[in-house]
Every structure is written in C-alpha cells, then in structure tokens.
Amino acid sequence: MIGRRPDAGWDAGQGNAQDSGRKADPGHVGQEPAGQGSGPVSVRSKTGRARRGRGSAPPGPRPGGRATRRARSVAVAVFSGALLLSGCASPPILTAGSDRLQVVTTTGLLRDLVSQVGGDRVDVVSIVPDGADPHTWEPTLRDSRDVVYADVAFSNYALLEEHNIIRTLDANLRPEAVQVSLAEEAVKYAAEIIPLVENVNLDTVWLGLRARGDGAARYGADRASQVLLSATAATGPGEVFAYLTGTFGDTEVYFDSSDGFDSSNGYRDDTVALPPDAHTHLSWAFTQPGVYTITLAARIQVDDTARPQELGQATFTFAVGVSPAAAGRPGAVILNQGHADLTANLDDGGLEVRYDPAGGGEHGQTAHRPDQVVIEVPAKAQSEIPGGGQFAFLGRPGQPIYQLPQAVLGQHVHGEIDPHLWQDVRNAMAYVNLIRDTLIGVDPAGARAYVANASAYLARLEETDDYVRATIATIPEANRYLITTHDAFGYLAHAYDLRIAGFVTPNPASEPSLADRRKLSQTLRTLGVPAVFLEPNQIARSSVLTELAAEQGVAVCRIYGDSFDDRVRGYIEMMRFNADSLRSCLGG
C-alpha cells in the first residue's frame, strides 16, 4: 500500500550523452536484415530496472553564452583529439580556415537545399547521414565538431529530429552563429502547415504528459532545454506505475510507487524529461481498485549547467475500478475518453490538465485545474499482467491489474504540427527562399550569387511541382491510396490529391500491435490497392508491411520520406522518383 507525503528539496541528476550513431544501409526492399539504431540514454534505478533519461549534449558553448575564439579553438582541439583516439581517419567537412561560409544542417535533405542556394560560396554538412533516420539518429563527436565550426545552422525542427540532435546543435553552436528552424519560420514565406492529429480510438482515456509552450519569455528557455516532470508522492490502496512500452516490447518505468520517492537525488528515478512544447505517451497501471492520488512536480532546466527552475506541483486524482463519485469531488470533470495530458505550462507556470474527449491534439484541448478533474480508470480496464521479464515490475504474470493503455507503442515524443513539410514542393520553395535570405544576411557580399542560385533552383522546383502533380493525376482516382511504413506523407497527399489509407505505425519508433496488423490487413483487402510503399531507411522496421503485402498479393514499392541513399541523392530527384514510383505501382 502507498500513502506517502512529498519530500522537500531536489537536484535532479542528468545522464551522459551518447556518442553513437549507426548508419542504416537502405539496401533493397525486402532483402535487408532487421536492425536498430541507438536508443535513448537510460540510467539505472536502485532496483536495477532500466529508466529513461536524457543525457546532456556534448560539451561546447551554450546558447546565449560568451564564446571567445580561444574557447572555440580549445573545444575543437578536444574534439579533434577524441576523433583521433576513436580512429576516425577522414576529417569533417567544416574547418576554421576556409574562406567559404560554413553551414551545418540536421538532415541531408536540408543539406541539399542549402548547397543549391549556396553554390561554391558555402561548405555544408549534415548531422544525420544519408540512409539514416532523423527521428532516431544519435549524434557523434564528429557531428559536434562540425557544429563548433559552423557560421550558420539549419534544422527542420517541429520536433522532427531526435532531441539529442537539437541539443548537440544548440549546445555547440557559437553565439555569433545564425540558427534557423525552417518548419516554423517558413510559414512567413507562405509554407502551409498541417496539424498533427492523433485519433487513437481508445475506449478509455489516453493519458499522456505534456510540456506546453516554449518557456522563452518567462524562463529564458530554448528548444534544447528540458522540462522535468517528477512523481514525488502517491496515495491509494495499491501501487501505481507509469511506463512506456518501446519499439520491441521493452519497457521503461517512469513512475513507480512501490520503491518510494527519493528526494535525496532529486526524484531522479521517478522523473521524465521532455523538450519544450512536446508530449509523450504512457501506460498507467494500478494494482488494486480504489481512489488514488499522484503528486507531480515540474521544473525547467534551461541548459546543462543551469539549476532547474521550479514550475510548481499539483496532485491528480484517479478513480480506479470504482465510481468517480468515490473520489469525493462534486462537479469535477470526469476524464473517461479521448485524449488528456498532465501538463506543465511554460507560458503561465504551474501544472494543469488538458483534455479533449474527441481524442484530437493540443489544438482541441481545454485546460482544467488538477483539483477540478477525476481521471477514470474503469472496471473494464482490468486486465492481467502479461508474461515476460519486461513486465516483472508490475507483479507476477496473470495477476489482475487496472490499466490505461499507451495509445501508440514505442517512444513517440512530438509536437502539434506535421513536420514533413517538404513533401509538398511548394513548401520546399518556401524553405529555399528562407535559406537564400538567411545566407544573404550572414554573407552580404554573396547576395548576387545567392539570389541567382535560388532563382534558378526555384524555377526547377516549379517544374518539379508541375511534374509531380501531372504524374500523379494519371493514376486512376480509385487507386490513389497511399499505404506506407509510417505517417510521413500527409503533405504529399494534401498537395497532390492522394488519400492516406493507412500506415504501419504513426511514427518510425513504434512497433505495431496485433490490432494494428489486423486493421492494416483489412484495409488492404477492402481497398484492393495494387501496391504499398516502403521507405528505404525503414527497411529494418518493414517486416509487418512486407508480410501483409505478401499475404494479400500486393507489390512493395519504394518511396522516399526524409532521407537519401546511393540511389536518390537530391530533393528534386527524390520528388520525381516518388511521383514515378506512385504512377508505376498504382497503375498510372
């Protein structure tokens, strides 16, 4: 049983950044052995269970700090020594002595756009190599060294890139360097954005955690900052757990009342770290029916050297297997369907509950005070603890448990807009205009060259947009259904009159459930589509799509989402390849 009061004081510890990143070989569809890239940094709890944590970014100048030329040289020397020790023979592209503008991008796709505009006036390198996945790539020391040399940095952001990529960029970029987040800022250049809506269709409430707002005005935060949400106390007739089921069925325990809440280490073993303006999925499990309370405290850590600033704390009430009236809160809002988040509000401070009974994203949520809400875990949510060592923290297999299930399996931290803007060529044109103006601002002497290069490339993009539109228009309307590896082609469908019929998972870090398989199989049978589409850099996670396609006698064709390979090396080539692949495989 639990019935503990919050302990006073904390100073949460942080893990170390990973220096690993495996490059995925795209190979051939259906012929690549399964594999996986580096996962998030984790720290061990006192009981030995794996707990998720975010490591600090590699060392370097902090955003907003004072970096001298000498400091830059020292940092470069450190990275150079580390690279020599690690046996990396080829030097990074960016250097201190070049007379060209030094530019770093997060992805190869952005690298290509910058090179088209910059021409021979820029050296440009991407953190994520071709063939790898920006959603999961872990940056290396070489990546950090390139960032130190950069005069300009371009990221897509909108939480496309893995957060350690953004932290590496922001922690090591010199204060005088210029940094641009293209997805957000391209809106000023007429880029069209699509909300990222999650319709999870659960018959209980999906309960996640959210960090709302960017915290810039109130706390001086930036996108590399971290919001720390800690469980500090719980009461109730049994134990309560919040955990995440990962890509391959592994579990990471975030909150666990059974081993107490330790204030001496800043509640490190019961803390979740989120980027600003993001949210994450969780499962919530309770061992006995009854009324529970869970106290959460929130802090924001602006950078790796700053002491966390307190945002406040609040207590949340759960009615588990009993009537919500048992909680003794007359007039409370009962959360029993759709999508809710226990939320740290970075704009106003404090904690709140954001709730949309229809199950949409943040744009449909309304805010409620924690003491005005009861979260219902209904009797129908009772299940049994599954077998497997990864669930041993819950108890013995077969024991009854009440659970609000995780809406989407796998690590899935994201924002509120679909970040894959470039799948609409018009949005890529907005990126190019923004890149042109950014380069001119940093290097006015090259203005004429940048304008000429951008104009020539924009003309080619205009032709590409026409080509993609005309090519897809030849596909019979009844066949214009797109089934892919993950949900990355909303802009392509919106711009060129396709319909997203299904995908294996909402994001590439998710492992499909049996229900996902059945639903996708039924979609293939019902629509009678002639082909499904696989991203080459997702081959390691493609077994479900290829198996279902084989069962239904459906072709598996290539489509490129956010990464190049040795077959497709540039943005225009990618968009034309995708249009041709769609026409060829869907019967155009």
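Each value, and the rule that gives it
Residues numbered from 1 in each chain as written. Predicted model: local features only at pLDDT ≥ 70, side-chain atom pairs only at ≥ 80, totals over all residues. Heavy atoms only, no water. Helix = DSSP H or I, 4+ residues; strand = E, 2+ residues; numbered from the N terminus. Buried < 20%, exposed > 50% of the residue type's maximum accessible area, 1.4 Å probe, protein only. Contact = heavy atoms within 4.5 Å. Axes fitted to C-alpha atoms, helices over the stretch in contact; angles between N-to-C directions. Parallel < 35°, antiparallel > 145°, perpendicular 65-115°, else oblique. Nonpolar A, V, L, I, M, F, W, Y, C, P; charged D, E, K, R; others polar. Pairing = 2+ DSSP bridges. Right-handed = clockwise from strand over helix to strand, strands pointing away. Patch = residues over 30% accessible without salt bridge, like charges linked within 9 Å, V, L, I, M, F, W, Y side chains within 5 Å. Areas by Shrake-Rupley, 256 points an atom, 1.4 Å probe, with all protein chains shown as cover. Salt bridge = Lys/Arg side-chain N within 4 Å of Asp/Glu carboxyl O. Lys, Arg positive; Asp, Glu negative; His and termini not counted. Charge placed at Lys NZ, Arg CZ, Asp CG, Glu CD. Disulfide = S-S within 2.5 Å.

**Regarding the overall build of the protein**
Looking only at helices and strands, the protein has 12 helices and 27 strands in total. Within the protein, buried positions represent 57% of all 588 residues. A fraction of 75% describes how many contacts in the protein between residues 6 or more apart in sequence connect residues 24 or more apart.

**Topic: the packing of helix 8 (residues 447–473) against helix 12 (residues 571–586)**
Close contact between helix 8 and helix 12 brings their axes to 9 Å; oriented N to C, the two are set at 10 degrees. Judged by the angle between their axes, helix 8 and helix 12 are roughly parallel. Along the contact surface, helix 8 presents Tyr457, Arg460, Leu461, Glu463, Thr464, Tyr467, Val468, Thr471 and Ile472, while helix 12 presents Tyr571, Ile572, Met575, Arg576, Ala579, Asp580, Leu582 and Arg583. Of the residues in the contact of helix 8 with helix 12, the class split is 10 nonpolar, 2 polar and 5 charged.

**Some details on the pairing of strand 7 (residues 178–181)**
Sheet analysis places strand 6 (residues 152–155) next to strand 7, joined by 4 bridges and oriented parallel. When the bridges of strand 7 are listed, Val152 appears paired with Val178. Running through helix 4 (residues 163–172), the crossover from strand 6 to the neighbouring parallel element strand 7 is right-handed.

**As for the sheet that holds strand 11 (residues 251–256)**
One open sheet holds the 5 strands; their spatial order is 11-10-14-23-22, and the pairing between them is antiparallel. Sheet topology places strand 11 and strand 22 (382–384) at the edges, where each strand pairs with a single neighbour. Direction aside, neighbouring strands of the sheet carry axes that sit 35 degrees apart on average. Alignment of strand 10 (residues 240–245) against strand 14 (residues 283–286), held across 4 bridges, turns out to be antiparallel.

**Structural notes on the sheet that holds strand 6**
The strand order across the open sheet formed by 4 strands is 5-4-6-7, and the pairing between neighbours is parallel. Taken across any chain shown, the strands that pair with only one partner, and hence form the sheet edges, are strand 5 (122–126) and strand 7. Neighbour to neighbour, the strand axes of the sheet diverge by 20 degrees on average, direction disregarded. Two strands pair when backbone bridges link them, and strand 4 (residues 101–105) and strand 5 are joined in this way by 5 bridges, in the parallel orientation. If you follow Val104 over to strand 5, its bridge partner there is Val125. Where helix 4 meets the sheet, its contacts fall on strand 4, strand 6 and strand 7, and the angle it forms with strand 6 comes to roughly 165 degrees.

**Remarks on a negative patch on the surface**
Residues Glu184, Asp214, Asp277, Asp347 and Asp348 make up a contiguous surface patch of negative charge. Structurally, the position occupied by Glu184 is in helix 5 (residues 182–185). Assessed through its relative accessible area of 35%, Glu184 is described here as partly exposed.

**Overview of the state of the cysteines**
All chains considered together, the criterion is met by 1 disulfide. Across a sulfur-sulfur distance of 2.1 Å, Cys557 and Cys585 are joined as a disulfide pair. Measuring handedness by torsion sign, the sulfur bridge of Cys557 and Cys585 sits at about -105 degrees and is left-handed. Here the residue Cys557 occupies a position in strand 27 (residues 555–558), and Cys585 occupies one in helix 12, the gap between them amounting to 28 residues. A relative accessible area of 10% places Cys557 in the buried class. The exposure class assigned to Cys585 is buried, which follows from its relative accessible area of 18%.

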